[in-house]
Amino acid sequence: MTTDTDTVRVVPVRHYGRWATALLVVGLAALFLRALFDSPNLEPGTIREYLFKDYVLDGVVTTLWLTLLAMVLGTVGGVLLAVMRLSANPVLRGVSWAFIWVFRGTPLLVQIIFFGFLGALFPRLTLTVPFTGTILFDKPTSVVVTGTVAAVLALSLNEMAYAAEVIRGGILAVDDGQTEAAAALGMSPALTLRRVVLPQAMRVIIPPMGNETITMLKSTALVSIIAGRDLMTAVQTVYQNNYKVIPLLFVAAIWYLALVSLLSAGQWLIERRFGRGFARGGVR
Amino acid sequence: MTVTEQTPVTATRPMVRAQDVVKRYGPIEVLKGIDLSVAPGEVSCLLGPSGSGKSTFLRCINHLERIDGGQLSVDGELVGYRRHGEKLYELKAREVARRRRDIGMVFQRFNLFPHLTALGNVIEAPIRVLGTPRDKARAEALRLLDRVGLAEKAGNYPGQLSGGQQQRVAIARALAMHPKLMLFDEPTSALDPELVGEVLDVMKGLAADGMTMIVVTHEMGFAREVADSVAFLDGGVVVEAGPPDEVLGNPRHDRTRAFLDKVL
């Protein structure tokens, strides 16, 4: 037995299987990319031409503020619904439950079309002072609920239902001892919610709400069905005229991908902010 | 059960007065008629085996638990109720909150707000509840943190402090509301043994300054040394109460004796 450590070579396990699968996957990906760029219908020139067209950019802006508005309204409504569901009042609990049941239980596309055709259900929107007959407001529904308004309504009401569940989960994740400590200091329930419970719930709420925002950005594409003037509507309008469907879908995809990447970066920053005081949160 | 009323400090109106306090969780009676009186400036320790009801009783004093019978008053005001003629009206959350301002509480698990620094924890309630200007609240909080020996930790989050340090911040947080009564719910039970002393030292300092304190504890040394009175609870009643020398040194009841034999 010669055990001369200087001359003994250590041979790591050779993962022939790994190399083979890696090679196979790279090969398939290369084949796909070649097929993609060889296709005469991809038209990179057309993609470049339309990527920064003013009506495409307008669509991007509309998509962005639709997302923002729906998320803000959805979050505010979501907090309200979550607090209602956790309330001691059985009527509030029930109403909140029913709202969430309806808006989570039906497809967003159905809701968008429904609000787009709201005028078919209620032809006029009228507001009167009860018992006096004084009319404060009376207009045809189609004038008030335009495509944009319908889009905002459908997206934010739908978001409220999802946000409510996320926020309720966040509130429940905060230790009871926190509420007790706040109560013992003489803080009212509302103050406790605002200053003690919600800031801690945020840590739990933010990651899923980041997902919600990303989902929302992409869901805005659905409003093209009622001419919502968003990015998808703009792109559709173009390819319905020039039939260059694939290049224009690439234009939309590139923008959605860029915006989602931006949102992910924003989410990371916000998560770091609300992780203060927690070891893994990033402070120090 | 018999309670010999011990008011060693003064003979004025008691700070806390409990008469036949009953508390039930469903069919289970946790407190079966507690009688206890604590004078202003008195330090009272509640002792007893776990499940004896001592923590529950403490939580009744600032209405974290609703009582199901008897009467409980702090500084002459009923806890959780307002008396009008022959009727008791339950107080609204806002009114309960107002009364709790004057009663400080320290918890076994500290319950500091983890998203706020030590300083943030101490100034939160004075600013938001009492409306103290931020500068003034800050100055006072730094003074309180200094008093509990943590002036240099003002900017640290609770997660960066040891258990003993967290509990001292919790005491400073309670003191910032200028309470007339301090409740301690097993303040050292969650601490590593070597950290117990620093918290007890702060509490001794408070007692020496004349704070009225009710302390649920298993620290017999603290009870013997600092308490003016000791009450031994078992099975939801006060079995025996009196000066620590008597209750701890020469217990009259078998149950007290059996408990002390086990813990001493």
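Counting from 1, residues in each chain are numbered in the order their sequence is written. Going through the entries in the order they are written, you letter the chains from A and number the ligands from 1. With pLDDT at 70 or above as the cut-off, local features in this predicted model cover only qualifying residues; side-chain atom pairs require 80 or more to be listed or tallied, and sums for whole chains, interfaces and linings still use all residues. Side-chain measures here rest on the full set of heavy atoms in the structure, leaving out hydrogens and waters.

A. Quick look at the confidence of the model for chain B. All names here are of chain B. Values of pLDDT, which run from 0 to 100, indicate the predictor's confidence residue by residue. Predicted confidence across chain B gives a mean pLDDT of 91, with 96% of residues reaching 70 or more. Counted against residues more than four places away or in other chains, residues 1-10, with its pLDDT under 50, gives 25 contacts. Two numbers describe this predicted complex: its pTM, 0.79, and its ipTM, 0.90. Note on definitions: a residue-residue contact is assigned when non-hydrogen atoms from the two residues lie within 4.5 Å.

B. Structural view of the packing of helix H4 (residues 134-147) of chain B against helix H5 (residues 163-175) of chain B. Residue and element names in this part refer to chain B. Where H4 contacts H5, the two axes come as close as 9 Å, and the packing angle between them is 140°. In terms of orientation, H4 and H5 fall into the oblique class. Like other packed secondary-structure pairs, H4 and H5 cross with a definite hand, here right-handed. Contacts between H4 and H5 involve Leu 144, Leu 145 and Arg 147 from the former and Val 169, Ala 172 and Leu 175 from the latter. Angles here are taken between N-to-C directions and fall from 0 to 180 degrees, while the axes themselves are lines fitted to C-alpha atoms, restricted in helices to the stretch in contact. Runs of H or I in DSSP of at least four residues are treated as helices and runs of E of at least two as strands, each being numbered from the N terminus. Our angle categories are set so that under 35 degrees counts as roughly parallel, over 145 as roughly antiparallel, 65 to 115 as roughly perpendicular, and the remainder as oblique. Throughout, a crossing is termed right-handed when the near helix is turned clockwise from the far one, and left-handed when it is turned anticlockwise from it by less than a right angle.

C. Summary view of the sheet that holds strand E11 (residues 229-234) of chain B. Residues and elements named next belong to chain B. Note on pairing: two strands pair once DSSP finds at least 2 bridges between them. Strands sit in the order E8-E9-E10-E3-E11-E12 across an open sheet of six strands; the sheet is mixed. Two strands close off the open sheet at either side, each with one partner strand: strand E8 (103-106) and strand E12 (237-242). Between one strand axis and the next, the sheet turns by 15° as a mean value, whatever way the strands run. Pairing of E8 with strand E9 (residues 181-185), which is carried by four bridges, proceeds in the parallel orientation. Opposite Ile 103, over in E9, you have Leu 181 as the bridge partner.

D. Highlighting the UniProt feature "domain: ABC transmembrane type-1" (unreviewed entry) in chain A. UniProt positions are given in the numbering used here, feature names are shortened, and annotations may be inferred rather than shown by experiment. The positions UniProt marks with the feature "domain: ABC transmembrane type-1" (unreviewed entry) are residues 60-264 of chain A. Taken as a whole, residues 60-264 of chain A contains 77% helix and 5% strand, while its terminal C-alpha atoms sit 17 Å from one another.

E. Spotlight on the UniProt feature "domain: ABC transporter" (unreviewed entry) in chain B. Mapped onto this numbering, the UniProt entry gives "domain: ABC transporter" (unreviewed entry) at residues 16-260 of chain B. With 38% helix and 27% strand, residues 16-260 of chain B has end C-alpha atoms that lie 26 Å from one another.

F. Highlighting the packing of aromatic side chains. Working definition: a ring pair exists when centres of Phe, Tyr or Trp rings (six-membered ring for Trp) sit within 6.5 Å. Plane angles under 30 degrees give stacked, over 60 give edge-to-face, the rest tilted. As enumerated under the stated definition, the model contains six aromatic pairs over all chains in all. Aromatic pair Phe 52 of chain A and Trp 255 of chain A: ring centres 5.9 Å apart, planes at 85°, arrangement edge-to-face. Placement of Phe 52 of chain A in the loop between helix H2 (44-51) and helix H3 (54-85) and of Trp 255 of chain A in helix H12 (residues 245-274) is noted, with a sequence separation of 203 residues between them. Only protein chains enter the accessibility calculation, which uses a 1.4 Å probe. A residue is then buried if its area is under 20% of the maximum for its type, exposed if over 50%, and partly exposed in between. The class of Phe 52 of chain A is exposed, set by a relative accessible area of 56%. Relative accessible area serves as the criterion here: at 16%, Trp 255 of chain A is assigned to the buried category. Taking 4.6 Å as the distance between ring centres and 25° as the angle between the ring planes, the aromatic pair formed by Phe 99 of chain A and Phe 103 of chain A counts as stacked. Of this pair, Phe 99 of chain A and Phe 103 of chain A both sit in helix H4 (residues 90-105), separated by four residues, roughly a single helical turn. Take Phe 99 of chain A: its relative accessible area is 22%, and that puts it in the partly exposed class. For Phe 103 of chain A, a relative accessible area of 14% corresponds to the buried category. Geometrically, a charge over a ring is one whose NZ (Lys) or CZ (Arg) sits within 6 Å of the ring centre while staying within 35 degrees of the ring normal. In this arrangement the basic side chain of Lys 53 of chain A is found over the ring face of Tyr 50 of chain A, its NZ or CZ atom lying 5.3 Å from the centre. A cation sits over an aromatic face here: Arg 173 of chain B above Phe 113 of chain B, 4.6 Å from the ring centre.

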